[in-house]
Amino acid sequence: VQLQASGGGLVQPGGSLRLSCVASGFTFNKYTMGWFRQAPGKEREFVATITWTGGTADYGDNVKGRFTISRDNAKNTLYLQMNSLKPEDTAVYYCAAGPGGYIRVGPYEYDYWGQGTQVTVSS
């Protein structure tokens, strides 16, 4: 099983980034997918989740209205569009996969994790 996250980088406040996560080694379209983030000295924080069909999504309160999660099951790829970025969004962002078709907001609900991609929001 592999989850390869990419797309992170340095961006100015107010800017945008699009993260991608390419999955392999499991049946992608049978898994709920999620994004989490972890800043230095802080616990891992829920960012967004999307069910296996892409029909339902949920977001952490800190990113609602600014971030959009999506998936392309034909490409085994998960995305996170991040707009209006703030310095407090700075963290390592992780993609994760959990079996089944329902919303998952707790990190303990996910079986597979990617290696993370660094997002830094700074002027």
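Treat the numbers as computed from the prediction; the structure is a model and nothing was measured.

(A) How the structure looks around the sheet that holds strand β8 (residues 77-82). With antiparallel pairing, the four strands of this open sheet are ordered in space as β1-β3-β8-β7. This sheet does not close on itself; its edge strands, each paired only once, are β1 (2-6) and β7 (67-72). Shown here is a sheet whose adjacent strand axes are inclined to one another by a mean of 15°, direction ignored. Across six bridges, strand β3 (residues 17-24) lies against β8 in antiparallel orientation. Pairing of L19 across the sheet is with L80, part of β8.

(B) Representation of the pattern of salt bridges within the structure. Considering all chains together, one arrives at four salt bridges under this definition. Close ionic contact of K64 with D61 constitutes a salt bridge, the shortest N to O distance being 3.4 Å. Measuring nitrogen to oxygen at the nearest pair gives 2.7 Å for the salt bridge that ties R66 to D89. Of this pair, R66 sits in the loop between β6 (57-59) and β7 while D89 sits in the loop between β8 and β9 (91-99), placing them 23 residues apart in sequence. Beyond isolated ion pairs, a larger network of salt bridges with shared partners links R37, E45, R66 and D89.

(C) Here's a closer look at the nonpolar core. The biggest cluster of nonpolar side chains holds 30 residues, and the ones touching the most others in it are W35, L78, L80, M82 and Y93. When contributions to this core are tallied by element, the ones reaching two or more residues are β1, β3, β4 (31-38), β5 (45-50), β7, β8, β9 and β11 (117-121). When near neighbours in sequence (up to four residues on either side) are disregarded, L80 contacts L17, R18, L19, W35, V47, A48, F67, T68, I69 and Y93.

Definitions and limits used
- Residues numbered from 1 in each chain as written.
- Predicted model: local features only at pLDDT ≥ 70, side-chain atom pairs only at ≥ 80, totals over all residues.
- Heavy atoms only, no water.
- Pairing = 2+ DSSP bridges.
- Helix = DSSP H or I, 4+ residues; strand = E, 2+ residues; numbered from the N terminus.
- Axes fitted to C-alpha atoms, helices over the stretch in contact; angles between N-to-C directions.
- Salt bridge = Lys/Arg side-chain N within 4 Å of Asp/Glu carboxyl O.
- Core = buried A, V, L, I, M, F, W, Y, C linked by side-chain atoms within 4.5 Å.
- Buried < 20%, exposed > 50% of the residue type's maximum accessible area, 1.4 Å probe, protein only.
- Contact = heavy atoms within 4.5 Å.

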